[in-house]
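This is what each chain is made of:
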Amino acid sequence: MSLELKGSSLSMARFSLAVACFCFGLALGLPVFSLTPGVGELTGWLRLLKPDQMATTTQSLLGGIRLLWVDGNPFLACILITFCLILPISKFLILWGEAYGMPLSGSIWGRFCRATAPYAMVEVFVLALLVMVVKGLPGGSLIVIQTGAWCFTGSVLLSLFAAQLLKPRRD
Amino acid sequence: MKLLTAILTTIILIVGGFLASRLLIEKMAPKWEPNETYAIWIEGTEVSPTNPQGNQWHQDGTAPNLVATLTWRNNMLLETPEASNALIAKWERTSIKLQDLMKTEVAPNALEKVARVHAEPSELLALEVRDRGILSAKWIGAVTVPCGKLKPGQNTLLINDPKCGLRSITLQVVPSGTLEKGHPLPERINQITNGITVMTPPPAEDTTGFNSSTAGKVIQQGVKAISDFLGKSSTNN
C-alpha cells in the first residue's frame, strides 16, 4: 500500500517537475510586464508629437537581461543570470536527479544548491522591486503584468510542490 | 546514465518551453485584417551610398534630399517632408508647416502625415523615394509590398537589389482606432524581405538628369504655397 502511494506520488512529482520546467522555459521567452508611459494631461499631445517616446514597451526575462548587458550594466545582468537562470536550472537538475532515484543533494553541487536555495526566490523579489519602482513613475504610467510572470509563478509553485512530494524519498 | 537523463530532461523541457513561447508570440501577433482601417506612415528610409550607376548622388559630393511617398490604388496618399543631405532619413508622424504656425487654431490631426488604408491582404502599397533638387525630383527607387505582409507595429522592408537605390524603408502600421482613441502604438517590429517587388522607373523618367514635368510640378506647388501663404496673411490682417 505504502509502495503504491510512493509510486503515485513519484509520478505526480515527475509530472509537476515536467510542467514546472516547461513553464520556466515559457517564462523566459514570454513578456513579463508591459509599460505604457504617461505624463498626466500631456499624454495625448506627447503621443501625437513624440510617438516613439510614448510607445508601450514589453519586456521578457531574457530580453531584460540582454538589455541590461547592452546598456552597460553587466553586473546587474550577471546577478539576474545567476538568480533567474543558473540557480533555478540547478534546482531543477537536483529535483530531476531525485525523481530518477539518484539523490544529488549529498553531492557538492547539491550542497551548493541547498545553500543557495533561499536566494533562488531573489528573482521574484527583483521582479517585485522592478514593478514597484516603475509603478512610482509619475503621470499615470501603466504597468501590466503579462503571461511570462504567471508562467514564472506557476513554475516556482510547481517546483515547490514537486520538492515537497520528493521530500519523503530524500528522508 | 541517470544523471545524463536528469540533465537531458531538464534541458529539453526548458528549451521546449522557450521555443513554445516564441511560437506563441508569433501566433498571437496581430495580422493585417481586411475589415480594419489602418493608419500608415513612413518612419524612415536608407538609400545606398551611390546611385545605381555607381556614381555619387550629387556632383558636389552632397547626399540626396530624400522625399518618400506612399501610393495606394494609384493615388498618392502621403508625402514626407524633405530630409536634406541624408542617406538615412527619419520622419515623424506629425509635421508643422509655416502656414500652420500662422493659424490661431490647429486641430491635432491636421498636423498628422498619415495615410489611411482599408485593403485586402493581396492589394499592393507602392513606396517611392526621390531626391528632390531645386527644379527636379530624381528617382532613387520604388517598391511595392502586399498589404498582407504588413503587421501592426513597425515594418521594415529590406531591399537587396543593386538596380534599386533603396536599402530599406520603414513603415508604421497602426489600426486607425488606436490613433483616434489616443492609445499607445503597438511595439512589434517586423522585418520583411519576401514579397517586395522593386519597381522600374517610369519610361518618361530620366533617372540621371533634369526632369521637366516634375520640375514644372514643383514650381507649381511652390507658387501655390506662396500664394496660399500670402492670401492667408492678408486675410488675417
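Residues numbered from 1 in each chain as written. Chains lettered and ligands numbered in written order. Predicted model: local features only at pLDDT ≥ 70, side-chain atom pairs only at ≥ 80, totals over all residues.

Regarding its fold elements, chain A presents seven helices and three strands. Secondary structure elements of chain A, listed N to C terminal, follow the sequence α-β-α-β-α-α-α-α-β-α. The 171 residues of chain A split such that 30% are buried. Counting only contacts in chain A whose residues sit at least 6 apart along the sequence, the fraction spanning at least 24 positions is 76%. (Helix = DSSP H or I, 4+ residues; strand = E, 2+ residues; numbered from the N terminus. Buried ≥ 20, exposed ≤ 12 C-beta atoms within 10 Å, placed from the backbone. Contact = placed C-beta atoms within 7 Å.)

Summing up its helical and strand segments, chain B has four helices and 11 strands in all. Restricting to contacts in chain B with at least 6 residues of sequence separation, those with at least 24 account for 66%.

Another aspect to go through is unusual backbone geometry. Residues and elements named next belong to chain B. A positive phi is found at Asn74, a non-glycine position, where the angle reads about 60 degrees. Along the chain, Asn74 falls in the loop between strand S2 (66-72) and strand S3 (75-79). The backbone of Asn85 sits at a positive phi, close to 45 degrees, despite the residue not being glycine. With respect to the helices, strands and loops of the structure, Asn85 is situated in the loop between S3 and strand S4 (88-90). For Asn85, a count of 11 C-beta atoms within 10 Å corresponds to the exposed category.

Attention now goes to the sheet that holds S2(B). Residue and element names in this part refer to chain B. Strand order in this open sheet of five strands is S3-S2-S6-S7-S11, and the pairing throughout is antiparallel. The sheet terminates laterally at S3 and strand S11 (197-198), the two strands that pair on one side only. The pairing of S2 with strand S6 (residues 124-132) spans seven bridges and is antiparallel. The residue of S6 that forms the bridge with Leu66 is Asp131. (Pairing = 2+ DSSP bridges.)

A few words on the nonpolar core. Core analysis: the biggest nonpolar cluster contains 39 residues, and Ile40(B), Ile42(B), Val143(B), Leu166(B) and Ile169(B) have the highest contact counts within it. Secondary structure elements with two or more residues in this core: strand S1 (38-47), S2, strand S5 (115-117), S6, strand S7 (137-146) and strand S9 (166-175) of chain B. If near-sequence neighbours (up to four positions away) are discounted, Leu166(B) is found in contact with Thr45(B), Val47(B), Val129(B), Ile140(B), Gly141(B), Val143(B) and Ile159(B). Counting residues in hydrophobic clusters, the runner-up holds 33 residues, among them Ala20(A), Leu61(A), Leu165(A) and Leu166(A). (Core = buried A, V, L, I, M, F, W, Y, C linked by C-beta atoms within 7 Å.)

Each α-helix winds once per 3.6 residues, and so residues spaced three or four apart point in a common direction. Relative to the 39 Å expected for 27 residues at 1.5 Å per residue, helix H1 (residues 2-28) of chain B spans 38 Å between its end C-alpha atoms, a close match to the ideal helical length. The set of residues buried in H1(B) consists of Ala6(B), Thr9(B), Thr10(B), Leu13(B), Ile14(B), Gly17(B) and Ser21(B). (Expected span 1.5 Å × (residues − 1).)

As a measure of interface size, the accessible area lost when the parts come together is often cited. Listed per partner, the contact involves 29 residues of chain A and 25 residues of chain B. The set of elements that each furnish at least two residues to the side of chain A that touches chain B consists of helix H1 (2-29), helix H2 (43-49), strand S2 (57-60) and helix H4 (74-99) of chain A. The element best represented in the side of chain A that touches chain B is H1(A), accounting for nine residues.

Residue and element names in this part refer to chain B. Where burial is concerned, most of S1 is hidden: nine out of the 10 residues are buried. As defined by bridge partners, S1 adjoins S9 across nine bridges and the pair is classed as antiparallel. For Ala39, the partnering residue across the bridge sits in S9 and is Val174. Taken together, the three bridges between S1 and S5 define a ladder with antiparallel strand orientation.

It is worth spelling out the confidence of the model for chain B at this point. Low-confidence regions, as indicated by low pLDDT, have predicted coordinates that should not be scrutinised in detail. Residues and elements named next belong to chain B. Per-residue pLDDT for chain B averages 81, and the proportion of residues at 70 or more is 79%. Taken element by element, chain B is modelled with least confidence in helix H2 (residues 98-102), mean pLDDT 60, and with most confidence in S2, mean pLDDT 93. For this predicted complex, the interface confidence comes out at an ipTM of 0.74, alongside a pTM of 0.62. (pLDDT = per-residue confidence, 0-100.)

H1(B) packs onto H4(A) with a crossing angle of 135 degrees between their chain directions and a minimal axis gap of 9 Å. As the angle between them shows, H4(A) and H1(B) are arranged oblique. Crossing angle aside, the handedness with which H4(A) passes H1(B) is right-handed. Residues Ile89(A), Phe92(A), Leu93(A), Trp96(A) and Gly97(A) of H4(A) pack against Leu3(B), Ala6(B), Ile7(B), Thr9(B), Thr10(B) and Ile14(B) of H1(B). (Axes fitted to C-alpha atoms, helices over the stretch in contact; angles between N-to-C directions. Parallel < 35°, antiparallel > 145°, perpendicular 65-115°, else oblique. Left-handed = near helix turned anticlockwise from the far one by under 90°.)

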